[in-house]
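Here is what each chain is made of, one letter per residue.
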Amino acid sequence: MLSTAPTGEQFPLPTPQDETAELRRLQALVAEHRAQGREIVVVLGVGFVGAVMAGIVADSLDKTTGRPGKFVIGVQRPSTRSFWKIRLLNRGVAPVEAEDPEVSAMIARCVLEKKTLTATFTYDALCLADVVVVDVQCDYFKETLGNCRQGHAEIAALEESLKVLGGKIQPHCLVLIETTVPPGTTEYVAYPILKKAFEGRGIATEPLLSHSYERVMPGREYVASIRDFWRVCSGINEPAKEKVVKFLSEILNVEKFPLTVLDRPIESETSKIVENSYRATILAFLNEWSLFAERNGVDLIKVIKAIKVRPTHSNMIFPGPGIGGYCLPKDGGLGVWSYQTLMGFEDDIFKITPLAIDINDTRSLHVAELVRDALRNMGKIVAASKIALLGASYREDVGDTRYSGSEIVIRKLTEMGAEIAIHDPYVKHWWELEKQESYPAPGHSWSRFFRNQEKLKDSKVENDLSATLKCVDAVILAVRHEAYMTLDPDEVIKMIGRPVAVIDCFGILDDVA
Ligand SMILES: NC(=O)c1ccc[n+]([C@@H]2O[C@H](COP(=O)([O-])OP(=O)(O)OC[C@H]3O[C@@H](n4cnc5c(N)ncnc54)[C@H](O)[C@@H]3O)[C@@H](O)[C@H]2O)c1
């Protein structure tokens, strides 16, 4: 069995015999680092968040001695989908692509120079840990597009990790759950699993469980958005709370960005869900006003700028062609699911939170309507047109395509028969299209909501704008990438070489243009 990295390089999966040698390698490393007084930190799940968090902990210096105070072991399942991450990390190569050059520099520095970071496939690493940071995913699966109530939290990967943890960690080990979870998970799911596992092992002490969520933002400030930013945390009991405050204070810039310590993990978990649902709601609210504006010749971008001058309204944002990223489309769903499933309430208190997700998930479909109408006005139809989509990522100046509005746009137009050319200066491969049978996970692709999606597997993301635009019938400006903000309309028309419909999802072109 092989695990294939995005570069195409293949790595054979480890065999059960490899486990013993791997544990010996780790034991030797741990003994060496303990002799230097270092704490052993295991980061479980080295994805977008875990890989960078592991780097930040490994790069941290003891604030009194100025020397490295932690040795970090990143643990990742040896699955065909993910094993390659371990091999890359151990070469000093970051397993995630980031616009922030510090991500790859930090990983290389910690693995190759400081030697404070290694990665492994064996869960036995957990037996060696003083702290375990849990960064595995917890997704929300939607059965239909535009009705998130028909769906559920996918908490199985997290439960599986917790069961393994309970069987292996030492009683003094702090478990820090960073995963965004349905509120109540630490107390109602994690605690009983760990407590039972401890009892089974004859351990009488209480598990030291804590929660602190990530506010990481993909982009040029990726590392700083974890290390130099405010954090909320909490522990299940006083010793856990004290330990988590101590741990986070040792690795983050808490001097400038103090911690907010809450009384219970459910408060920290709820904080994350409310924070993201609030943002999703402002975006969804503006959907109806953008339709009002569009149909009545009102420039909503100007309206929002006028309103934002008022300090109480300064965080209002225009929703663009759809709302994506890993967090906003799912986090509110985790809250609604928790109320009914973990807490067992039968009534329906949530109106705004799920509605906001539904509006945001389907906003992009309107872009396809605009393209259809603009082409009709030129006497053309979508099915016989070539359309250029400028921008694949979910927000400006990042290469992150997870749940981007552009994906829905392209899927809907493909369903309607369009031929599409894609351009994005930050995206080399659009995995959601190229590997739609397995990405983001088998059965999870948005292709399931549309017909005729097969051909999208052959999609290529162009880097050359004039090649993308040549002879197209319509252009969709979908993302506010810097390169698009400075486009000269006359130049664009020259590149296209014929009359074209322009669908500007962000007011990128001004009235003069
Ligand atoms: N990516 C973001 O921008 C962002 C921002 C804020 C919060 N978060 C939250 O952080 C959490 C992690 O997100 P992510 O983007 O890193 O996800 P991810 O899918 O990139 O990473 C999760 C990793 O955990 C691994 N994993 C799963 N089960 C495992 C197990 N049992 N043992 C070991 N490894 C396992 C997966 O293979 C994967 O590598 C989520 O809860 C997410 O909501 C993410």
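The preceding data block contains the structure.
Conventions used here
Residues numbered from 1 in each chain as written. Predicted model: local features only at pLDDT ≥ 70, side-chain atom pairs only at ≥ 80, totals over all residues. Helix = DSSP H or I, 4+ residues; strand = E, 2+ residues; numbered from the N terminus. Rg over C-alpha atoms; globule rule 2.2 N^0.38 Å. Buried ≥ 20, exposed ≤ 12 C-beta atoms within 10 Å, placed from the backbone. Contact = placed C-beta atoms within 7 Å. Core = buried A, V, L, I, M, F, W, Y, C linked by C-beta atoms within 7 Å. Axes fitted to C-alpha atoms, helices over the stretch in contact; angles between N-to-C directions. Left-handed = near helix turned anticlockwise from the far one by under 90°. Near = placed C-beta within 6 Å. Nonpolar A, V, L, I, M, F, W, Y, C, P; charged D, E, K, R; others polar. Pairing = 2+ DSSP bridges. Right-handed = clockwise from strand over helix to strand, strands pointing away. Parallel < 35°, antiparallel > 145°, perpendicular 65-115°, else oblique.

Caption draft 1: Inspection of the overall build of the protein chain at higher detail. The helix and strand tally for the protein chain stands at 18 helices and 17 strands. Scaling as 2.2 N^0.38, a compact globule of 513 residues should have a C-alpha radius of gyration of about 24 Å, and the protein chain matches this with 24 Å. Expressed as lengths along the three principal axes of its C-alpha atoms, the size of the protein chain is roughly 75 × 50 × 40 Å. When the 513 residues of the protein chain are sorted by exposure, 45% land in the buried category. The long-range fraction of contacts in the protein chain, counting pairs at least 24 apart against all pairs at least 6 apart in sequence, stands at 76%.

Caption draft 2: Examining the nonpolar core more closely. In terms of nonpolar packing, the biggest core is built from 78 residues, with Val42, Val43, Ala129, Val132, Val175 and Leu176 touching the most fellow members. Among the elements that line this core, the one with the most residues is helix α2 (residues 50-59), at 7 residues. Core analysis: the next-biggest nonpolar cluster, separate from the first, contains 43 residues, Leu375, Leu433, Leu456 and Val479 among them.

Caption draft 3: Looking closely at the environment of Ser459. Residue position: Ser459 is located in the loop between α15 (431-434) and β15 (461-462). Each C-alpha atom, one on Ser459 and one on Thr185, is 39 Å from the other, the two residues being 274 residues apart in sequence. Leaving out residues up to four positions away in the same chain, Ser459 has contacts with Ile422, Trp430, Leu433 and Glu434.

Caption draft 4: Geometry of the packing of helix α11 (residues 331-341) against helix α12 (residues 352-363). Remark: α11 packs on α12, axes separated minimally by 9 Å, with the N-to-C direction vectors making an angle of 145 degrees. When the axes of α11 and α12 are compared, the crossing they make is left-handed. Between α11 and α12, the residues in contact are Gly332, Gly333, Gly335 and Val336 and Thr353, Pro354, Ala356 and Ile357, respectively.

Caption draft 5: Structural context of α2. Counting buried positions over the 10 residues of α2 gives 10, a clear majority of the element. Residues of α2 that are buried include every one of Gly50, Ala51, Val52, Met53, Ala54, Gly55, Ile56, Val57, Ala58 and Asp59, and no others.

Caption draft 6: Molecular detail of the site of the ligand. If you check the shell around the ligand, you find 26 residues, and the closest are Gly45, Gly47, Phe48, Val49 and Thr180. In terms of residues, the shell around the ligand owes the most to one element, helix α5 (residues 156-168), which gives 3 residues. Residue composition of the shell around the ligand, grouped by class: 12 nonpolar, 9 polar and 5 charged.

Caption draft 7: Quick look at the sheet that holds strand β5 (residues 117-120). Ordered by their spatial adjacency, 8 strands build an open sheet running β5-β4-β3-β6-β9-β10-β11-β12, and the pairing between neighbours is mixed. The open sheet has two edge strands, β5 and β12 (260-261), and neither has a second partner. Where strand β6 (residues 131-134) and strand β9 (residues 174-177) come together, 4 bridges link them in parallel fashion. Looking at the pairing, Val134 lines up with Ile177 of β9. Against the sheet, helix α8 (residues 238-251) makes contact with β6, β9, β10 (208-211), β11 (232-235) and β12, and its axis sits at roughly 145 degrees relative to β11, the strand it touches most.

Caption draft 8: Spatial organisation of the pairing of strand β13 (residues 386-390). Among the 5 residues of β13, 4 are classified as buried, and the element is accordingly described as predominantly covered. Strand direction decides the pairing type here: β13 and strand β14 (residues 419-423), joined by 5 bridges, are parallel. Along β14, the bridge assignment pairs Leu389 with Ile422. With helix α14 (residues 405-415) bridging β13 and its parallel neighbour β14, the resulting β-α-β unit is right-handed.

Caption draft 9: Representation of the packing of helix α13 (residues 365-377) against α14 within the structure. Close contact between α13 and α14 brings their axes to 8 Å; oriented N to C, the two are set at 50 degrees. The orientation of α13 with respect to α14, classified from their angle, is oblique. The way α13 lies across α14 gives a crossing that is right-handed. From α13, Leu365, Val367, Ala368 and Val371 reach across to α14, where they touch Ile408, Val409, Lys412 and Leu413. Counted by class, the contact of α13 with α14 contains 7 nonpolar, no polar and 1 charged residues.

Caption draft 10: Highlighting unusual backbone geometry. In this structure, the amide linkage connecting Tyr439 to the following residue, Pro440, adopts the cis form with an omega of 0 degrees. Within the element layout of this structure, Pro440 appears in the loop between α15 and β15. Of note in the backbone geometry, Cys471 takes a positive phi value of approximately 60 degrees without being a glycine. Looking at the element boundaries, Cys471 is found in the loop between α16 (465-469) and β16 (474-477).

Caption draft 11: Here's a closer look at the pairing of β5. The side-chain alternation of β5 yields two buried faces, one formed by Leu117 and Ala119 and the other by Thr118 and Thr120. As defined by bridge partners, strand β4 (residues 70-75) adjoins β5 across 4 bridges and the pair is classed as parallel. Each residue of the ladder has a partner; that of Gly74, found in β5, is Ala119.

Caption draft 12: View of the sheet that holds strand β17 (residues 501-504). With parallel pairing, the 5 strands of this open sheet are ordered in space as β15-β14-β13-β16-β17. Strands at the two margins of the open sheet, each flanked by one partner only, are β15 and β17. Where β16 meets β17, 4 bridges bridge the pair, whose relative direction is parallel. Paired with Val475 across the strands is Val502, a residue of β17. α13 contacts β13, β16 and β17 of the sheet and is inclined by roughly 155 degrees relative to β17. Helix-sheet contacts for α14 involve β13, β14 and β16, and the interaxial angle to β13 is about 175 degrees.

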